[in-house]
Amino acid sequence: MNKHYDIPDPFQTFVSKKYANAKGYIHDFFTGEWSYKCLTCKEDMSAPSRKIMTKIRLFHTRNECTGGY
Ligand SMILES: [Zn+2]
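Computed from a predicted model, the values in this text were never measured in an experiment. (Residues numbered from 1 in each chain as written. Predicted model: local features only at pLDDT ≥ 70, side-chain atom pairs only at ≥ 80, totals over all residues. Heavy atoms only, no water.)

**Q** What should I look at first to understand the nonpolar core in this one?
**A** Nonpolar side chains in soluble globular proteins generally cluster together in the buried interior. With 8 residues, the main nonpolar core is built from Tyr25, Trp34, Tyr36, Cys38, Met45, Ala47, Met53 and Cys65. Those elements that place two or more of their residues in this core are strand S2 (34–37) and strand S3 (44–47). Sequence-distant contacts of Ala47, that is, excluding residues within four places in its chain, are made with Glu33, Trp34, Ile52, Met53 and Ile56. (Core = buried A, V, L, I, M, F, W, Y, C linked by side-chain atoms within 4.5 Å. Buried < 20%, exposed > 50% of the residue type's maximum accessible area, 1.4 Å probe, protein only. Helix = DSSP H or I, 4+ residues; strand = E, 2+ residues; numbered from the N terminus. Contact = heavy atoms within 4.5 Å.)

**Q** When you look at the coordination of the zinc ion in this model, what are you seeing that I'm missing?
**A** In a perfect tetrahedron of four donors around a metal, the angles come out at 109.5 degrees. In a perfect octahedron of six, they are 90 or 180 degrees. Only Cys38 (SG), Cys41 (SG), His60 (NE2) and Cys65 (SG) from the protein reach the zinc ion as donors, at distances of 2.0 to 2.3 Å. Around the zinc ion sit 4 donor atoms, and with donor-metal-donor angles ranging over 103 to 127° the site reads as tetrahedral. (Donors = N, O, S within 2.8 Å, 3.2 Å for Na, K, Ca; no water. Tetrahedral: all angles 85-135°; square planar, octahedral: opposite > 155°, others 65-115°.)

**Q** Help me understand the environment of Lys37, please; the structure alone is not making it clear to me.
**A** Position of Lys37 among the secondary structure elements: in strand S2. Of the residues examined, Lys37 reaches a relative accessible area of 44% and is grouped as partly exposed. Sequence separation between Lys37 and Gly24 is 13 residues; the distance between their C-alpha atoms is 6.9 Å. Apart from the residues within four sequence positions on either side, Lys37 is in contact with Gly24, Lys42, Glu43 and Asp44.

**Q** It is not clear to me how the side chain of Arg57 should be interpreted in this structure. Could you clarify?
**A** On the secondary structure map, Arg57 appears in helix H2 (residues 50–64). Look at Arg57: it is buried, it has no salt bridge, and the nearest opposite charge is Glu64 at 13 Å. Of the polar contacts made by the side chain of Arg57, one reaches the side chain of Tyr25; its length is 2.8 Å. (Lys, Arg positive; Asp, Glu negative; His and termini not counted. Salt bridge = Lys/Arg side-chain N within 4 Å of Asp/Glu carboxyl O. Polar contact = N/O pair within 3.5 Å; in protein donor to acceptor, adjacent residues only side chain to side chain.)

**Q** Just to check I follow, could you spell out H2 for this structure?
**A** It helps to recall that an α-helix has 3.6 residues per turn; residues three or four apart then point in one direction. For H2, built from 15 residues, the straight-helix expectation of 21 Å at 1.5 Å per residue is met to within 8% by its first-to-last C-alpha distance of 20 Å. The complete set of buried residues in H2 reads Met53, Arg57, His60 and Thr61. All buried residues of H2 fall inside an arc of 90° around its axis, so they share one side. Pointing more than 90 degrees away from the buried face of H2 are the exposed residues Lys51 and Lys55. Tucked into the core, H2 has its buried residues touching strand S1 (25–27), S2 and S3. Taken from the residues just after H2, Thr66 is the one with a positive phi, measuring 55°. (Expected span 1.5 Å × (residues − 1). Arc of directions from axis to C-beta.)

**Q** Just to check I follow, could you spell out the packing of aromatic side chains for this structure?
**A** How two aromatic rings sit relative to each other is given by the distance of their centres and the angle of their planes. Applying the stated rule across the entire model yields 2 aromatic pairs. Summarising the aromatic geometry, the rings of Tyr25 and Trp34 are spaced 6.3 Å apart at their centres and angled 70° between planes, so their arrangement reads as edge-to-face. When the centroid spacing of 5.5 Å and the interplanar angle of 75° are considered together, the rings of Tyr25 and Tyr36 count as edge-to-face. Highlighted residues: Tyr25 in strand S1 and Tyr36 in strand S2, separated in sequence by 11 residues. (Phe/Tyr/Trp six-rings, centres within 6.5 Å; stacked < 30°, edge-to-face > 60°.)

This is the structure in structure tokens:
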């Protein structure tokens, strides 16, 4: 087996992840914060990490504007 591990460029990783599954998430490299604008009600949300951003987004869409569900 060829054990070759590429060290991913952080920006490349960010871009590919962004388009792969983090729909609409924006990562601010300067503050380290993630932000997301709800596609349904256009409300802006922000979180210190992508994981928390997802929790906030899911809570929002399920309990607040019910967008997409
Ligand atoms: Zn919303």
